[in-house]
Structure formats: C-alpha cells, structure tokens
Amino acid sequence: MLRFLYRLGTMCLLFVVALLALLHFAVLEDKAIIVAATPPVAEDVQSVQQFVRNFRDAANATDPDGANLVTDVDQLNSLARMGARFLPGFRGQMTLQPGALSGQVSVPVPWVTGRKWVNLSGRVPPFTDQVRFEDVRLGRLPIPSSVAYWGVRMGGNVVIGDGFGDTVLSAAQRMEISGETLQFAVTLDDFGTNGIMRGVFGQLRGQAMPQAAQADVYYQAIRTAIDDGRLPVEGSYLPYLRFTLQFVVDQSTPETYQNDYTAAIMALARACGARDFSLVIGGLAFGDTVSDDNWQRDCKAVLLNDRIDTRRHFTTAAALQAASNRGFSVSIGEFKELHDTISGAGGFDFTDLAANNAGIRMSDVLMQTPFEDWPAMLDRLQAEGDVITSFEGIPGLMIEDDFKAQFGGLDSPAYNAMVDQIEARIDALSFYAPQ
C-alpha cells in the first residue's frame with residue numbers, strides 16, 4: 001500500500017511538473033499580442049446599447065426558425081472594451097479579414113517570475129448549421145478546430161453551468177459576412193426567464209440566483225406597505241431601507257438570507273429604483289404573480305440625499321451588486337455616466353457614482369455579514385447619512401468636453417483619485433465601519 005501511494009504521489013508530481021513546463025514554454029508568453037488596452041468611451045456605450053437592443057429583439061423573436069442578429073466589428077470591439085472593465089487586465093480585439101472574423105485575446109496571469117500572458121487567437125469563417133473555428137492558437141500551441149470547438153463548449157458548460165456552452169454554440173445557426181456587417185441566424189429561446197442567463201448571473205455572484213417568486217413576495221410586501229401608509233410617499237427614503245431589511249430579518253434563515261436579501265433588494269429596485277431596472281433584469285428576477293395595475297400609491301417623490309435620482313442610483317446599484325458582483329455593478333454605473341455625456345441627459349456626474357458605490361457597498365456588507373448580526377446592523381441604520389455620503393465637494397454634472405478636460409477618461413490618474421476619494425468617504429460611514 002505504501003509503495004502504491006508513493007508511486008501515485010510521484011506520478012502526480014511528474015504530471016504537475018509537466019503541466020507547469022507546458023504552460024511555461026508553450027502557453028504563457030512574456031508579452032500580450034494586443035499591445036495596449038484602451039478604456040471605453042461614451043460612443044462605446046451607445047454602440048453596445050444598440051447591440052443589446054438587437055440581441056433582445058432576436059431573443060424575443062417568435063419565428064421557430066430563429067431570427068437575424070446583425071452586428072459589426074465596431075460593436076464587437078466596443079463590447080470587448082466594456083467587458084475589460086469587468087475583468088481587469090483583459091484585452092480583446094476583433095477584425096474582419098477576407099472571408100472570416102478574426103479575434104485576439106490577451107489575459108494577464110501571475111507567475112513565479114512575474115506577470116505572464118495567455119494569448120489566444122483564431123478565426124471564425126462564415127458557416128451554416130455549426131460554428132467553425134480556424135487557425136486557433138493558444139500561446140505558441142496550434143489548436144485543432146475540433147479541439148477548439150470542444151473547449152468552447154465544455155468551458156461554457158463548466159464555468160457558467162446550465163449548458164451555457166451547448167446553448168450558445170447551438171443558438172448560432174448561420175453567419176454571413178457582407179462588407180463590414182456580420183449577420184447571424186440565431187435561436188435564443190433558452191436565454192429567458194428559465195434559461196441560461198440565470199446561470200450567467202449566478203456565476204457572477206458565486207451562487208444560484210433566487211427564484212423569481214421570491215422577489216415577487218418582497219415586491220408585494222413593499223407595494224402593500226406603500227398603499228396602506230406604512231411607507232411614506234414623500235420625504236426620506238430611510239423607512240424603505242429599514243422596512244426591506246427588517247422584512248428579510250423576519251422572513252429569512254442563516255441558510256437562505258443572502259438569496260432572500262437579493263430578492264428583497266431587487267424588489268425594492270423594481271418599486272423605487274431606475275426606470276430601466278426591470279428591462280435589464282426582466283424575467284431573471286420577477287415572476288408574473290404580481291401586477292402593477294392596481295397600486296394606488298408609489299415612491300416616485302421619495303428622496304435620498306434630498307434627490308430622487310440618488311434614490312434610484314443607490315437602489316439599482318445595490319440590486320445589481322446583489323445579483324452579480326462588484327466589477328459588474330460598478331462598471332454599469334460608469335457606463336451610464338459616460339453615456340449621459342452625449343445622450344442629452346446632462347453629463348457625467350460623480351455624485352451619481354457616489355450613490356452607486358454606496359448602494360454597492362451596502363449590498364457587499366450585508367451579503368458578507370453573518371445573519372445573526374443583521375439585527376445589530378439594522379440598529380445602526382438610524383439616518384440616511386449612515387449609508388450614503390454627503391455630496392459636498394464631489395463634482396456634479398459635466399458635459400463631455402468638461403469631463404475630458406478635467407478627468408480624461410476612466411483610466412486616468414485624476415479619475416481614479418476622485419473615485420478613491422469617494423470610496424474613502426463611504427468607508428467612514430457608520431453602517432460600513434468595522435465594529
């Protein structure tokens with residue numbers, strides 16, 4: 001037995017050594033194949049908005065033969081730049097070559113001798129029935145097309161779950177290239193309420209999403225409390241936060257409280273958050289058991305930091321954080337502010353970012369606090385200033401030219417310094433301070 005264990009241990013050690021050698025000499029490289037990453041700009045947000053509209057139209061198509069999803073390389077590169085905000089260090093780039101869509105990806109990884117890069121490149125030619133990959137290389141390793149297909153399929157299935165890889169690859173029925181335009185024939189019926197997008201959000205947050213019926217229960221309770229006068233229709237938003245968190249304390253258990261909080265804060269965002277929250281989350285969060293047709297009162301005039309838009313930003317960011325992760329929720333707030341600089345909505349507003357980041361911090365803290373400590377946490381929530389910082393000294397609305405002149409872009413030292421200042425002020429709030 002000891003001899004067997006010795007041999008097994010030796011084989012495992014040799015396997016690890018061989019794998020590290022393969023990574024070092026064949027996969028990991030000293031330089032990224034994409035020379036530099038550029039931060040997203042306002043036009044990228046507009047471009048991705050159009051892609052999302054096109055994707056949503058294709059996903060909602062009722063044609064049993066699928067729908068057409070039309071895009072171009074500019075939209076795909078905008079997606080890559082925005083996606084890099086979720087994955088620090090990630091670099092991605094798409095180009096159209098004669099007869100194929102070509103892509104390159106560079107991802108930094110820590111290594112014993114310093115940072116290395118995983119570089120992946122390949123081509124997708126026009127196809128019918130099944131996606132094809134050509135000229136795939138992982139570092140210095142050429143990857144056969146069949147192995148690349150299997151890797152994408154299994155990687156999606158394992159990392160995201162819910163058959164993500166299978167669904168994505170089978171959804172694309174055909175790709176055609178016409179000039180600078182890409183047209184896909186797609187079938188996306190599995191991306192909806194009970195489909196794989198729940199798996200995507202579950203992977204982001206590290207656990208399965210709560211069922212839509214849970215959010216419906218909390219939404220019913222919040223709207224009923226507004227209608228019967230237990231929650232005000234004007235004045236401070238604080239009673240809404242205390243009511244929602246107390247309801248979680250009353251309804252939940254140490255085993256379920258994180259999902260119950262997620263359902264509750266999404267229900268509060270549906271009632272009092274940004275107007276587009278339900279469009280973003282949709283069937284992932286809400287069922288069809290609660291109608292909005294018969295409510296008599298609402299929270300439209302309720303204020304946080306004396307502002308309606310602050311209430312919306314704070315609540316929506318808190319819900320997105322509970323349903324995903326910090327990288328996603330922070331980036332969504334940044335993208336919204338970038339878009340406002342060119343959309344006619346006023347401009348980039350750091351006070352909105354402060355509201356977003358405070359809402360994100362609230363969800364961070366509550367999701368990480370043991371459930372038995374929640375009553376004490378609730379006792380510390382006695383004023384709005386316990387969870388959201390004053391906006392004094394934080395820059396407000398700036399049109400695009402002013403924002404660029406003062407802060408440059410999302411990766412500039414001036415921008416990062418302002419975000420750090422906001423975070424430091426949130427750190428000092430009593431609700432988030434270590435006890």
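Above: the structure in question.
What you are looking at is a predicted structure, and each value in this text was computed from that prediction instead of being measured.

### Section: the pattern of salt bridges
Evaluation of the coordinates by the stated rule reveals 15 salt bridges. For Arg270, the salt bridge is made with Asp216, and the minimal N-O distance between the two is 3.8 Å. Within this pair, whereas Arg270 is found in helix α9 (residues 257-272), its partner Asp216 is found in helix α7 (residues 212-227), the two being separated by 54 residues in sequence. Of the residues examined, Asp216 reaches a relative accessible area of 2% and is grouped as buried. The shortest N-O distance in the salt bridge between Arg307 and Asp352 comes to 3.3 Å. Taken together, the positions of Arg307 in the loop between β12 (301-303) and α11 (308-323) and Asp352 in helix α13 (residues 350-368) put the pair 45 residues apart, joining distant regions of the chain. Residue Arg307 is classed as partly exposed on the basis of its relative accessible area of 24%. For Asp352, a relative accessible area of 4% puts it in the buried group. Linked through salt bridges whose partners overlap, the residues forming this network are Arg123, Arg132, Glu134 and Asp135.

### A few points about the sheet that holds strand β10 (residues 181-186)
One open sheet holds the four strands; their spatial order is β2-β10-β9-β6, and the pairing between them is antiparallel. In the strand order of this sheet, the two ends are held by β2 (67-72) and β6 (127-128), each with one partner. Inspection of the sheet shows β6 paired to strand β9 (residues 172-178) by two bridges, in the antiparallel sense. Its bridge partner lying in β9, Thr128 is registered against Arg174. In the packing of helix α3 (residues 73-86) onto the sheet, contacts are made with β2 and β10, and the angle to β2 comes to roughly 80°.

### A few points about the packing of α13 against helix α16 (residues 413-427)
The relative placement of two packed helices comes down to the angle between their axes together with the axis-to-axis distance. The contact between α13 and α16 brings their axes to 10 Å, and the two run at 45°. Our classification of the angle between α13 and α16 gives oblique. Judged by the twist between their axes, the crossing of α13 over α16 is right-handed. From α13, Phe350, Leu353, Ala354, Asn357, Ala358 and Arg361 reach across to α16, where they touch Tyr415, Met418, Val419, Ile422, Glu423, Ile426 and Asp427.

### Describing the packing of aromatic side chains
Summed over all chains, the structure comprises 17 aromatic pairs. Centroid distance Phe348 to Tyr415: 6.1 Å. Interplanar angle 80°. Geometry classified as edge-to-face. Remark: Tyr415 occurs in helix α16 and Phe348 occurs in strand β13 (residues 348-349); sequence separation between them is 67 residues. Judged by relative accessible area, which is 0%, Phe348 ranks as buried. Accessibility expressed as a relative area gives 1% for Tyr415, which makes it buried. With a centroid separation of 6.4 Å and 85° between ring planes, the pair formed by Phe403 and Tyr415 is classed as edge-to-face. In this pair, Phe403 sits in helix α15 (residues 400-407) while Tyr415 sits in helix α16, placing the two residues 12 residues apart along the sequence. One exposure class covers both Phe403 and Tyr415, and it is buried. Here the basic side chain of Arg270 rests over the ring of Tyr219, its NZ or CZ set 4.0 Å away from the ring centre. Over the face of the ring belonging to Tyr432 we find Arg361, whose NZ or CZ atom lies 5.9 Å from the ring centre.

The rules we used
Residues numbered from 1 in each chain as written. Predicted model: local features only at pLDDT ≥ 70, side-chain atom pairs only at ≥ 80, totals over all residues. Heavy atoms only, no water. Salt bridge = Lys/Arg side-chain N within 4 Å of Asp/Glu carboxyl O. Helix = DSSP H or I, 4+ residues; strand = E, 2+ residues; numbered from the N terminus. Buried < 20%, exposed > 50% of the residue type's maximum accessible area, 1.4 Å probe, protein only. Pairing = 2+ DSSP bridges. Contact = heavy atoms within 4.5 Å. Axes fitted to C-alpha atoms, helices over the stretch in contact; angles between N-to-C directions. Parallel < 35°, antiparallel > 145°, perpendicular 65-115°, else oblique. Left-handed = near helix turned anticlockwise from the far one by under 90°. Phe/Tyr/Trp six-rings, centres within 6.5 Å; stacked < 30°, edge-to-face > 60°. Lys NZ or Arg CZ within 6 Å of the ring centre and 35° of its normal.

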